Amino acid sequence: MTVFVFLAAVIGAVMMLPAAAEDIARGETLLKRLCAPCHAVGSADIGKHPTAPAFRTLGQQYPIESLEEALAEGLSTGHEAMPEFQFDAADVGAIIAYLKHIQQR
Ligand code: HEC
């Protein structure tokens, strides 16, 4: 029993680490595919649409977490030039993880 609990703890800890990196990578893939036509998605690229903010600077405006709801319920408010997007919970988590990862301090 003790061995089982120990093993479960080790497996749990090992599985949590790659999950975060995996989320970041998945968020990056999603955003590069869907948002890069207008936004700067990475840590040094330049956006193609003149008024679309670089994702790495979003955190200067508001906490990244505050985008969670918009991503899940449909991101369209205030952006006439921007198509509406909606993501499921797993994708929202991945996108938030990626956005946090690239924020400039
Ligand atoms: C067709 C071009 C286009 C695409 C594609 C696009 N955006 Fe935008 N986005 C814009 C523009 C233009 C603005 C600035 C609008 C404004 O200032 O009113 C903007 C603004 C934003 C903002 C800032 C909103 C705010 O109120 O500060 C966020 C966040 C955002 N986009 C996220 C995304 C995400 C996530 C994707 C991909 C899933 C995406 N955008 C795809 C054009 C686009």
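What you are looking at is a predicted structure, and each value in this text was computed from that prediction instead of being measured.

### Quick notes on the nonpolar core
- One finds Leu31, Val41, Phe55, Ile95, Ile96, Tyr98 and Leu99 to be the most contacted residues of the largest nonpolar core, which totals 14 residues.
- Among the elements that line this core, the one with the most residues is helix H4 (residues 89-102), at eight residues.
- Non-local contacts of Val41, meaning those with residues more than four positions away in its chain, are made with Leu31, Lys32, Cys35, Ala36 and Phe55.

### With respect to the environment of Glu68
- Structurally, Glu68 is set in helix H3 (residues 68-73).
- Distance in space between the C-alpha atoms of Glu68 and Gly93 is 7.9 Å, their sequence separation being 25 residues.
- In contact with Glu68, not counting residues within four places along its chain, are Val92 and Ile96.

### Some remarks on the environment of Glu28
- Among the secondary structure elements, Glu28 is positioned in helix H1 (residues 2-34).
- Sequence spacing of Glu28 and Ile102 is 74 residues, and the spatial spacing of their C-alpha atoms is 9.8 Å.

Scoring rules and cut-offs
Within every chain, residues take consecutive numbers counted from 1 along the sequence as written. Local features are withheld for residues below a pLDDT of 70 in this predicted model, meaning they are given only at 70 or higher, and side-chain atom pairs are given and counted only at 80 or more; totals for whole chains, interfaces and linings count all residues. The term nonpolar core refers to a group of buried residues, namely Ala, Val, Leu, Ile, Met, Phe, Trp, Tyr and Cys, whose C-beta atoms join them within 7 Å. Any residue whose C-beta has 12 or fewer other C-beta atoms within 10 Å is treated as exposed, any with 20 or more as buried, and any in between as partly exposed, C-beta atoms being built from the backbone. Note on conventions: DSSP H or I runs of at least 4 residues are helices, E runs of at least 2 residues are strands, and numbering of each starts at the N terminus. Throughout, a residue-residue contact means that the two C-beta atoms, derived from backbone geometry, are no farther apart than 7 Å.

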